[in-house]
Amino acid sequence: MFLTSLSRATSVCALMAATTLALAPVAHAQSAGNGGWFVPKTAHPDVSAPAHPVTRRVPVEAPADEQGGDDQAQPAQPQTPPVLPLPPIPTPPSIPKAAPPPAAVIGIINVQGVMQLSSANQEIQQTLGARRDRLAQAVQREEAAWRGEQQKLQAQARTLTSDQIQLRERHLQERRAKDQRDFGNQARIIQEAAQVAFHQIERELEEGNGIIAQVAASHSMNLIMHGEQVVLHVGGQDITEEVAMRLNKVLPHVFIPDDGVDPEQLAKSGKMPTTADEERLMHQAPAPQEAAASQPSAQPDSVLRQHP
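One structure accompanies this document, and this report is about it. (Residues numbered from 1 in each chain as written. Predicted model: local features only at pLDDT ≥ 70, side-chain atom pairs only at ≥ 80, totals over all residues. Heavy atoms only, no water.)

**Structural notes on the packing of helix α5 (residues 162-206) against helix α7 (residues 240-250)**
- One way to put it is that α5 packs onto α7 with a least axis distance of 11 Å and a crossing angle of 120°. Considering the angle they form, α5 stands oblique to α7. Here the hand of the crossing between α5 and α7 comes out right-handed. Along the contact surface, α5 presents Ile201, Glu204 and Leu205, while α7 presents Val243, Leu247 and Val250.
- Partitioning the contact of α5 with α7 into residue classes produces five nonpolar, no polar and one charged. (Axes fitted to C-alpha atoms, helices over the stretch in contact; angles between N-to-C directions. Helix = DSSP H or I, 4+ residues; strand = E, 2+ residues; numbered from the N terminus. Parallel < 35°, antiparallel > 145°, perpendicular 65-115°, else oblique. Left-handed = near helix turned anticlockwise from the far one by under 90°. Contact = heavy atoms within 4.5 Å. Nonpolar A, V, L, I, M, F, W, Y, C, P; charged D, E, K, R; others polar.)

**Points about the pattern of salt bridges**
- In the structure shown here, the tally under the stated rule is 11 salt bridges.
- Two residues, Asp133 and Arg132, come together in a salt bridge whose shortest N-O distance is 3.1 Å.
- Judged by relative accessible area, which is 24%, Arg132 ranks as partly exposed.
- Across the pair Asp277 and Arg280 runs a salt bridge, and its minimum N-O distance is 2.4 Å. Taken as a pair, Asp277 and Arg280 lie in helix α9 (residues 275-283) at a separation of three residues, close to a single helical turn.
- For Asp277, a relative accessible area of 26% corresponds to the partly exposed category.
- Judged by its relative accessible area of 48%, Arg280 falls in the partly exposed class.
- One network of salt bridges, in which partners are shared, links Arg188, Glu192, Asp262 and Glu264. (Salt bridge = Lys/Arg side-chain N within 4 Å of Asp/Glu carboxyl O. Buried < 20%, exposed > 50% of the residue type's maximum accessible area, 1.4 Å probe, protein only.)

**What about the packing of helix α4 (residues 119-156) against α5?**
- Between α4 and α5, the least distance of the axes is 11 Å, while the angle of their chain directions is 175°. It follows that α4 is roughly antiparallel to α5 by the angle criterion.
- Residues that form the contact of α4 with α5 fall into these classes: 19 nonpolar, five polar and 10 charged.

Put into structure tokens, the structure is as follows:
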């Protein structure tokens, strides 16, 4: 019950730091060279176009024959709303008085604080950060080499025939296209490895019998709210440090695919369950007696994704 309120508190965001972790070499490469053509194309807003163009409506005068040929404009007549049917509707029956819900015992959690204290999160940042840096360096080296070949072709252009120049230009274009594919694929692998790693933390925290639920139950809390949504609370209501300490005991490390291992290919190997299995379980109709217990885990939104 409290976890459902927690999951519906805010809208969905990207996994915390996963996208930044994977795409940082892209931004680094783009600042170093000619637009960063080694990385996959992403959508950028067009700063030259206005975000919300203003449309001005110009009143159009009716033709002279529709105005009855009058020399003077006729004043606009107010329109009377139409009279429409009003079918009868049934009177709802009175509802008998029911038992009131339990009194709210509120707890507060700061998800960013939990992640900062998480040893598993620190492992993810260190491991995938090193891969990100190596990819950025490889992009820079290849970009410098490609520019060198381009300058060499320009210097030798006077001694080459037009066919030779076209051939070498085509080779440079093919090399550029190959770099885009290779580096883009490596960036995708790093990003998906981050998703695999962070999803272990969010599952450990958010499942029906996960750490947040257990810590809240130990304090008889039935409503957990994000700290960013609360203006004032007392110290005993904040379970951030307790959740982080429990998380470090239960999940001090996470599985991170090896460097260069494609997570999608790993999923196809059948060596471990996949996200497809998880979605299939979430969409299965629970038994009546298990519906209440399974409701929190059936929510697709993650508190980690809501608060990156």
